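# Structural overview
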Amino acid sequence: MNFDFDDDQRSIKSTAREFLASRSKFEKVRECSEGGHYDEAIWKEMIDLGWAGIFIPEQYGGQELGVVELVILQEELGYAVTPSPFFSNAAAGLMVLHAGSDEQKERLLPGVASGEATGTVGILHDGSAPLVPDAEAASFIVLAGEGDTTRIVEAGDAKIEHRDTIDGTRSFARVSGEGEEMPGDAGAGLDRACAALAAELTGCSQRAMEMAVEYAKDRKQFERPIGAYQGVSHRCAEMLLETEGARAATYYAGWAADHEPESLPAAASMAKAYASDAGWRVTASSLQVHGGIGFTWEHDLHFLLKRAKTDGHLLGGASWHRDRVAKIAGLGDAVIAQV
Amino acid sequence: MDLTLSPDEQAFRDEVRAWISDNHPGKEPEGLSEDDQWKFRVDWQRQLHEGGWAGVSWPKEYGGRGATLIESALFNEELAASRAPGPANVLALAMGGPTLIGHGSEEQKERFLPPILTAEEIWCQGFSEPESGSDLASLKTKAVKDGDDWVVTGQKVWTTYAHHAKWCMLVARTDSEVAKHRGLTYFLMDMEQEEVQVRPLRQITGEAEFNELFIEEARIPDENVIGGVGNGWMVAITTLMNERSGLAFGLQVRLKILLGQVIDLVKEQGLEKDPLVRQRIGQLYTESEIMRLNAWRGLTGIMKTGQPGPEGSLGKWHWSDINQALTEFTMDLRGPDAPATDSEFTFEFLRARANSIEGGTTEILKNIVAERVLGLPKLR
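Residues numbered from 1 in each chain as written. Chains lettered and ligands numbered in written order. Predicted model: local features only at pLDDT ≥ 70, side-chain atom pairs only at ≥ 80, totals over all residues. Heavy atoms only, no water.

### Here's the deal with the overall build of chain B
Secondary structure assignment for chain B yields eleven helices and eight strands. Relative to its length of 380 residues, chain B is compact, with a C-alpha radius of gyration of 21 Å against a globular reference of 21 Å. Oriented by its inertia axes, the alpha-carbon framework of chain B measures out at about 70 × 50 × 45 Å. Evaluated residue by residue, chain B yields a buried proportion of 51% over its 380 residues. Look at the contacts in chain B between residues 6 or more apart in sequence, and 71% of them connect residues 24 or more apart. Carbon and sulfur atoms provide 50% of the accessible area of chain B, an area that totals close to 17300 Å². Taking the average location of the 40 positive side-chain charges in chain B and that of its 59 negative ones, the two points are 6 Å from each other. (Helix = DSSP H or I, 4+ residues; strand = E, 2+ residues; numbered from the N terminus. Rg over C-alpha atoms; globule rule 2.2 N^0.38 Å. Buried < 20%, exposed > 50% of the residue type's maximum accessible area, 1.4 Å probe, protein only. Contact = heavy atoms within 4.5 Å. Areas by Shrake-Rupley, 256 points an atom, 1.4 Å probe, with all protein chains shown as cover. Lys, Arg positive; Asp, Glu negative; His and termini not counted. Charge placed at Lys NZ, Arg CZ, Asp CG, Glu CD.)

Have a look at this one:
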């Protein structure tokens, strides 16, 4: 029993933290967000570090590590709110790896691992997927949904309509289209993608909490740092409770994906439900601690808040995942749709 | 990262399970008098002791099992999962004994530890006072040196098991000239003297689990000072830390048991398809699982650094939130039957109100997290 990373995993984490601290500063996030583009140089360096194929088997050009390592990277990418197609591409890789045929894996995974032909994933709702990240730049889109056939849609065969969202750090579109069926276990891919998304939310929460604590130490009102007032300090303590809760559930989901797949459906939905709520609540609470300055465009906090809120709505919202946990707890089939 | 048990740990758990299943005393018989109820728990502790399961985490030289942190956690999980009653001398086993092992002299350890394990001498805890709750260090119970004795006068409250206890872990003021944290001393006070009067304190549940203690010139020999005169605050903190960290594993299992009962209740009421009910079950299932995971994370932190990580400070707070939410949920599910006292759920619902007060209020725990984990400035 060891609920901590091993040395290799710790080194992946510290490399990611250092790399993103120097290459994905808030100025860069702001530049990309306001310009509506990604920074090609950062994405290229991430690929060179082997991140895009971190969980993909060596035979397809990946590093053949696990979901735990993917979770580590995702937490750091959330912490830095890095604008990049990393998550969408990883989610597509997970879908192909678990739901794809051998032929589909051979055809698509090398492009995912090298970043040369990226993919993305969307959840279908009434015939189209309303919120698909990075679809416009992707080579293929995996569409999945309850009652629908999980399928691979080539970019050229897809109807892709750009959508502006609150989250300027990424690009989104509505996608529909027919494509080739995936014969494997779509749920196994989606659950792993949920663990990765929960990790990003945990990173956003951690960063927003740290910013709130720093601000509460510095900012003085009534001749005292505002962090000395319990109205503020207890709010910060609650941020820690929720951030650590999201982290525990997320690490467990990552571990279950790699070592105890029978526990993964519950673990992934618990992580996604809890981290979606925590991501929103912690970033919103941090804004409250910051007061007026936190509500300005000029302050960096809103990048975290909007990324977290948007992540919460990808791959099934908190309510859908909680309903799924209730099903796993023995209350019978879901009563709400996966949106 | 490895969330599985090693073969040794698995073997330990199997051993615990086998022993409990061979020796389980069964559910406490109903309708017992208070004395017989107590005897049932004393007998159960003796049985645990004979099996070598009292003081599981205590070092072997003091009659314990010398179990590792993980083994102790597994033992507490299994004991709770079997729904066996708690041992009678739980305060001494979980708090008093470890405090004595950490701060007592060899003579004190030899004198006091063995009868804790056998339940021959029950301990109670005399910390809180009517005017000193969260601000424990402001306590007023006074001890004055008189020859080889200390003479103690004051009042204590929330003293669990005082009416059964031989010894009281008593914190009293021995110096009122110095800063409030420095003038305290930790004593073991003999409860079997006229000068100590115990009055049961009836709670909102109707039960009297706690007591008030009226102390009027009680005598404590100097050799019963633990950890030195003036060091009472530091020694008391050890007791409280043991209270907060050791209980997590039993508590999270009890949450899971209650959650299982709540899920059965949902089915009995035919509410499986109610979306709001499902949302609450999904949330409570997730939160209790997170509490379990954080208990194990905390243990890994202690093993690596000697101290619980940030998640360790959160466990008791999180548990009280979840237990209150679960017990409130049982009331909502039972509709017009809810206030009737013919169900254990109603009792548990009321009892849970104390969870966010006993062993450190949630507000104090938030202060600790804010100041010691996040490094925010102190208000005081």
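### Section: the interface of chain A and chain B
On the side of chain B, 48 residues touch chain A, which itself brings 50 residues to the contact. For the pairing of chain A and chain B, the buried interface totals around 4600 Å² over both sides, and the portion due to carbon and sulfur atoms is 67%. Broken down residue by residue, the surface that chain A buries against chain B is led by Met-1, Phe-3 and Leu-331 of chain A, which jointly contribute 20%. Where chain A packs against chain B, one counts four salt bridges. Close ionic contact of Arg-278 of chain B with Asp-323 of chain A constitutes a salt bridge, the shortest N to O distance being 2.8 Å. The tally of links from chain A across to chain B stands at 19 residue pairs in polar contact (both at pLDDT 80 or more). Of all the elements in the fold, those that place two or more residues in the side of chain A that touches chain B are helix H1 (7-23), helix H7 (186-218), strand S9 (224-225), helix H8 (230-259), helix H9 (264-290) and helix H11 (318-331) of chain A. The element best represented in the side of chain A that touches chain B is H8 of chain A, accounting for 16 residues. For the side of chain A that touches chain B, the per-class residue count stands at 27 nonpolar, ten polar and 13 charged. (Buried area = accessible area lost by both parts, 1.4 Å probe. Salt bridge = Lys/Arg side-chain N within 4 Å of Asp/Glu carboxyl O. Polar contact = N/O pair within 3.5 Å; in protein donor to acceptor, adjacent residues only side chain to side chain. Nonpolar A, V, L, I, M, F, W, Y, C, P; charged D, E, K, R; others polar.)

### A look at the pattern of salt bridges
Tallied over the full model, the rule gives 50 salt bridges over all chains. A salt bridge links Glu-103 of chain A to Arg-107 of chain A; its shortest N-O distance comes to 2.7 Å. One end of the pair, Glu-103 of chain A, and the other, Arg-107 of chain A, are both in helix H6 (residues 102-114), four residues apart, so they sit about a helical turn from each other. The exposure class of Glu-103 of chain A is partly exposed, given its relative accessible area of 45%. Judged by relative accessible area, Arg-107 of chain A falls into the partly exposed class, the value being 34%. Via salt bridges that share partners, Lys-13, Arg-17, Glu-75, Glu-76, Glu-244 and Arg-247 of chain A together with Arg-297 of chain B belong to a single interconnected network.

### Some thoughts on the sheet that holds strand S6 (residues 172-176) of chain A
Residue and element names in this part refer to chain A. As summarised here, the arrangement of the three strands in space is S2-S6-S5, forming an open sheet in which the pairing is antiparallel. Lying at the two open borders of the sheet, with one neighbouring strand each, are strand S2 (129-133) and strand S5 (159-163). Here the strands of the sheet are splayed against their neighbours by 40° on average, with no regard to which way each runs. Both S5 and S6 contribute to a ladder of five bridges, which runs antiparallel. If you follow Glu-161 over to S6, its bridge partner there is Arg-174. (Pairing = 2+ DSSP bridges. Axes fitted to C-alpha atoms, helices over the stretch in contact; angles between N-to-C directions.)

### What about the sheet that holds strand S4 (residues 151-154) of chain A?
Residues and elements named next belong to chain A. Ordered by their spatial adjacency, four strands build an open sheet running S1-S3-S4-S7, and the pairing between neighbours is mixed. Single-partner strands in this sheet number two, and they are strand S1 (119-123) and strand S7 (180-181). Pairing of S4 with S7 involves two bridges; the strand directions are antiparallel. Residue pairing in the sheet places Ile-152 in a bridge with Glu-180 of S7. Of the strands in this sheet, S1 and strand S3 (140-144) touch helix H5 (residues 86-99), which is tilted by about 80° from S1.

### Quick notes on a negative patch on the surface
Residues and elements named next belong to chain B. Taken together, the side chains of Glu-30, Glu-34, Asp-35, Asp-36, Glu-207 and Glu-344 define an acidic patch exposed on the protein surface. The greatest single-element share of the negative patch, amounting to three residues, is contributed by helix H2 (residues 34-50). Mapped onto the elements of the fold, Glu-34 is located in helix H2. (Patch = residues over 30% accessible without salt bridge, like charges linked within 9 Å, V, L, I, M, F, W, Y side chains within 5 Å.)

### What to know about the domain arrangement of chain B
Per the domain assignment, the segments of chain B are domain 1 (7-88), domain 2 (123-232) and domain 3 (247-373). On a C-alpha basis, the centroid separation for the pair domain 1 of chain B and domain 2 of chain B is 29 Å. (Domains from an automatic or database assignment.)

### So, the packing of aromatic side chains
Aromatic ring pairs are reported here in terms of the distance separating the ring centres and the angle at which the planes meet. Taken as a whole and assessed by the stated rule, the structure comprises 13 aromatic pairs over all chains. Taken together, the ring pairs in this structure connect Phe-12, Trp-19, Trp-44, Trp-53 and Phe-75 of chain B into an aromatic cluster. Here Lys-166 of chain B stacks its cationic end above the ring of Trp-167 of chain B, 5.2 Å away from the centre of that ring. The ring centre of Tyr-252 of chain A lies 5.9 Å from the NZ or CZ of Arg-292 of chain B, which sits over that ring. (Phe/Tyr/Trp six-rings, centres within 6.5 Å; stacked < 30°, edge-to-face > 60°. Lys NZ or Arg CZ within 6 Å of the ring centre and 35° of its normal.)

### Concerning the side chain of Ser-72 of chain B
Residues and elements named next belong to chain B. Relative to the helices and strands, Ser-72 is located in helix H3 (residues 69-81). Its relative accessible area of 11% is what places Ser-72 among the buried residues. With residues near it in sequence (within four places) discarded, Ser-72 still touches Val-56, Ser-57 and Ala-67.

### Topic: the nonpolar core
Counting residues in hydrophobic clusters, the biggest one holds 136 residues, and the most contacted among them are Trp-51, Phe-86, Val-289 and Leu-315 of chain A together with Trp-296 of chain B. The element contributing the most residues to this core is H7 of chain A, with 18 residues. When residues are assigned to domains, this core turns out to be shared by domain 1 (7-88) and domain 3 (247-373) of chain B, each giving three or more. In contact with Leu-315 of chain A, not counting residues within four places along its chain, are Phe-87, Val-121, Ile-123, Leu-190, Ala-193, Cys-194, Leu-197, His-321 and Gln-338 of chain A. Core analysis: the next-biggest nonpolar cluster, separate from the first, contains 34 residues, Ala-137, Tyr-161, Leu-188 and Ala-236 of chain B among them. (Core = buried A, V, L, I, M, F, W, Y, C linked by side-chain atoms within 4.5 Å.)

### A short note on the side chain of Glu-121 of chain B
Following the sequence through the fold, Glu-121 of chain B ends up in the loop between helix H5 (106-117) and strand S1 (123-126). A polar contact is formed between the side chain of Glu-121 of chain B and the side chain of Trp-167 of chain B, at a distance of 2.8 Å.

### Regarding the state of the cysteines
Residue and element names in this part refer to chain A. Per the stated rule, a full pass over the model turns up zero disulfides over all chains. Among the cysteines around Cys-204, which has no disulfide bond, Cys-32 carries the closest sulfur, lying 16 Å off. Cysteine Cys-236 shares no disulfide, and the gap to the nearest cysteine sulfur, in Cys-204, comes to 18 Å. With relative accessibility at 0%, the residue Cys-236 sits in the buried group. (Disulfide = S-S within 2.5 Å.)

### Here we look at the environment of Gly-66 of chain B
Residues and elements named next belong to chain B. With respect to the helices, strands and loops of the structure, Gly-66 is situated in the loop between H2 and H3. Here Gly-66 falls in the partly exposed class, since its relative accessible area comes to 40%. Along the chain, Gly-66 and Thr-239 lie 173 residues apart, while their C-alpha atoms are 19 Å from each other. Gly-66 has contacts with Val-56, Trp-58, Pro-59 and Lys-60, leaving out every residue within four places of it along the chain.

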